[in-house]
Amino acid sequence: MKNNMAVIITSTFIALMSAIYGGVVCVFIIHPQPYKLSEYEPAPKPETATVSSERAETAWNNIQLKCTDKRTIDWEIENYSVSENGQIAVLSHNDIFVYNADHSFAQSFSHEANGAEYIAWDGDNIVLIRVRSDIAVHFDTKGKLKKVEDFPDDYESVNCYKKYLRSDIKKHGQVTYESRRMSIVSEKLVAIDSNGNEQILCESSIMYIFRHVVLVIFMLVFPIIVCYGIISYTVNLNEQMRLHNQYVLQKNTVSR
């Protein structure tokens with residue numbers, strides 16, 4: 001009786017925790033408002049130095065930059081940057097999207113991602129900053145290498161610059177840009193003019209949505225599987241104990 005009561009209490013507790021967990025996940029999915037957006041003050045680019053030709057060649061070969069015609073994001077927007085001329089570059093895992101000043105699509109690239117990275121502009125050239133190797137690779141909007149620089153990571157100005165690059169909100173003239181994550185299955189970059197009119201530059205693809213839906217389903221199903229496993233184990237253990245006690249009782253009865 002005590003064992004059965006333990007099973008009931010354990011099952012009820014796990015079911016309650018699973019329901020609370022599932023509710024929290026569902027609220028997270030259908031969150032109707034964008035998550036709090038970060039905004040940092042613009043920071044100047046730190047001083048850098050050009051690397052040797054051998055190191056530049058190695059860095060460029062490691063990136064394996066390729067031009068593509070992809071227009072939707074399959075991963076989270078890691079960061080984006082707006083040039084002085086109003087061009088926009090968006091970094092999403094191993095994809096880079098480039099937009100003209102009038103917000104029309106210009107070009108996209110794929111590359112071999114390697115840890116934390118940032119995207120920035122240097123004039124009309126795109127700059128891919130790779131934190132792990134402390135380098136900044138400059139290339140034009142056609143994908144041609146311009147130069148490779150050392151990017152130091154040992155003083156405060158660098159951190160301020162990186163914070164600005166990570167900022168969800170950036171302003172250029174009369175236009176405000178926002179990287180919005182509406183829910184776990186919706187992310188987009190929006191341009192807002194002075195009249196409040198919004199234009200979507202890029203947003204989540206079907207692959208992005210599918211990947212996150214699968215993750216959410218796993219998050220919901222996993223506690224149920226664990227709950228079922230614990231209950232099954234407890235029931236089987238109780239049954240084995242019952243059979244063992246019954247066997248011992250019969251054995252003692254026969255011996256008498």
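The coordinates are above.
Scoring rules and cut-offs
- The numbering scheme is per chain: residues are counted from 1 as the chain's sequence reads.
- In keeping with the model being predicted, local features are shown solely for residues with a pLDDT of at least 70 and side-chain atom pairs are shown and tallied solely at 80 or more, while totals for entire chains, interfaces and linings include all residues.
- With hydrogens and water stripped out, all remaining heavy atoms of the structure feed into the side-chain values.
- By the criteria applied, helices consist of DSSP H or I runs no shorter than four residues and strands consist of E runs no shorter than two, each listed in order from the N terminus.
- Note on exposure labels: buried denotes an accessible area under 20% of the residue type's maximum, exposed denotes more than 50%, and partly exposed covers the range between, all computed with a 1.4 Å probe on protein chains only.
- Between two residues, a contact is recorded if the distance between any of their heavy atoms is within 4.5 Å.
- Each accessible area value is a Shrake-Rupley result obtained with a 1.4 Å probe; residue values ignore everything except the protein chains displayed when judging cover.
- What makes two strands pair is DSSP finding at least two bridges between them.
- Lines fitted to C-alpha atoms define the axes here, with helix axes fitted over just the stretch in contact, and angles between the N-to-C directions of these axes take values from 0 to 180 degrees.
- For patches, a residue must show more than 30% relative accessible area and have no salt bridge; joins then use 9 Å for like charges and 5 Å for nonpolar side chains, namely Val, Leu, Ile, Met, Phe, Trp and Tyr.
- Whenever Lys or Arg places a side-chain nitrogen within 4 Å of a carboxyl oxygen from Asp or Glu, that contact is recorded as a salt bridge.
- What counts as a ring pair is set by centres within 6.5 Å for rings of Phe, Tyr and Trp (its six-membered ring), and what kind of pair is set by the plane angle: stacked under 30 degrees, edge-to-face over 60, tilted for all other angles.
- Only Lys NZ and Arg CZ are tested; either one counts as a charge over a ring when it is within 6 Å of the ring centre and within 35 degrees of the ring normal.

In terms of regular secondary structure, the protein chain is built from four helices and 14 strands. Here the protein chain holds 256 residues, and the buried ones make up 38% of them. At a minimum sequence separation of 6, the contacts of the protein chain that also span at least 24 residues come to 55%. Surface exposure of the protein chain reaches about 15200 Å², of which carbon and sulfur atoms provide 58%.

So, on to the environment of Ala56. Following the sequence through the fold, Ala56 ends up in helix H2 (residues 53-63). Between the C-alpha atoms of Ala56 and Glu149, which are 93 residues apart in sequence, the distance is 7.9 Å. Apart from residues lying up to four places away in sequence, Ala56 is in contact with Val51 and Val148.

Counting buried residues along strand S8 (residues 125-130), six of its six residues qualify, which places the element largely inside the surrounding structure. Residues Asn125, Val127 and Ile129 point to one face of S8 and Ile126, Leu128 and Arg130 to the other, with burial holding for every one of them. Taken together, the six bridges between strand S7 (residues 117-122) and S8 define a ladder with antiparallel strand orientation. Counted as the bridge partner of Ile119 is Leu128 from S8. Hairpin connection from S7 to S8: two residues lie between these consecutive antiparallel strands, with Gly123 at a positive phi of about 70 degrees.

What follows is about the sheet that holds strand S1 (residues 49-50). Sheet architecture is open: five strands sit in the order S1-S10-S9-S8-S7, paired in antiparallel fashion. Two strands lie at the open edges of the sheet, namely S1 and S7, each paired on one side alone. Sheet analysis places S1 next to strand S10 (residues 145-150), joined by two bridges and oriented antiparallel. Bridging across to S10, Ala49 finds its partner in Asp150. Helix-sheet contacts for H2 involve S8, strand S9 (135-139) and S10, and the interaxial angle to S9 is about 75 degrees.

What follows deals with a nonpolar patch on the surface. Taken together, the side chains of Phe218, Phe222, Val226 and Ile230 make up a nonpolar region of the molecular surface, amounting to roughly 360 Å² of accessible area. Within the element layout of this structure, Phe218 appears in helix H4 (residues 206-255).

Only a minority of non-glycine residues have a phi that is not negative, and only a minority of peptide bonds are not trans. Its identity is not glycine, yet Gln64 carries a phi of approximately 55 degrees, on the positive side. Relative to the helices and strands, Gln64 is located in the loop between H2 and strand S2 (66-68). Phi is positive for Asp134, close to 55 degrees, though the residue is something other than glycine. Following the sequence through the fold, Asp134 ends up in the loop between S8 and S9. Owing to a relative accessible area of 31%, Asp134 belongs among the partly exposed residues under this scheme.

According to the stated counting rule, one finds three aromatic pairs in the structure shown. Between the aromatic rings of Trp60 and Phe139, the centroid separation amounts to 6.2 Å while the plane-to-plane angle is 50 degrees, which identifies the pairing as tilted. Pair noted here: Trp60 is in helix H2 and Phe139 is in strand S9, with a separation of 79 residues, a long-range link. Centre to centre, the rings of Phe109 and Phe139 are 5.6 Å apart; their planes meet at 80 degrees, and the pair counts as edge-to-face. Of this pair, Phe109 sits in strand S6 (residues 105-110) while Phe139 sits in strand S9, placing them 30 residues apart in sequence. An aromatic cluster of three or more residues is present, and its members are Trp60, Phe109 and Phe139. The ring of Tyr80 carries Lys170 above its face, with NZ or CZ at 4.0 Å from the centroid.

Just geometry here; none of it tells us what the structure is for.
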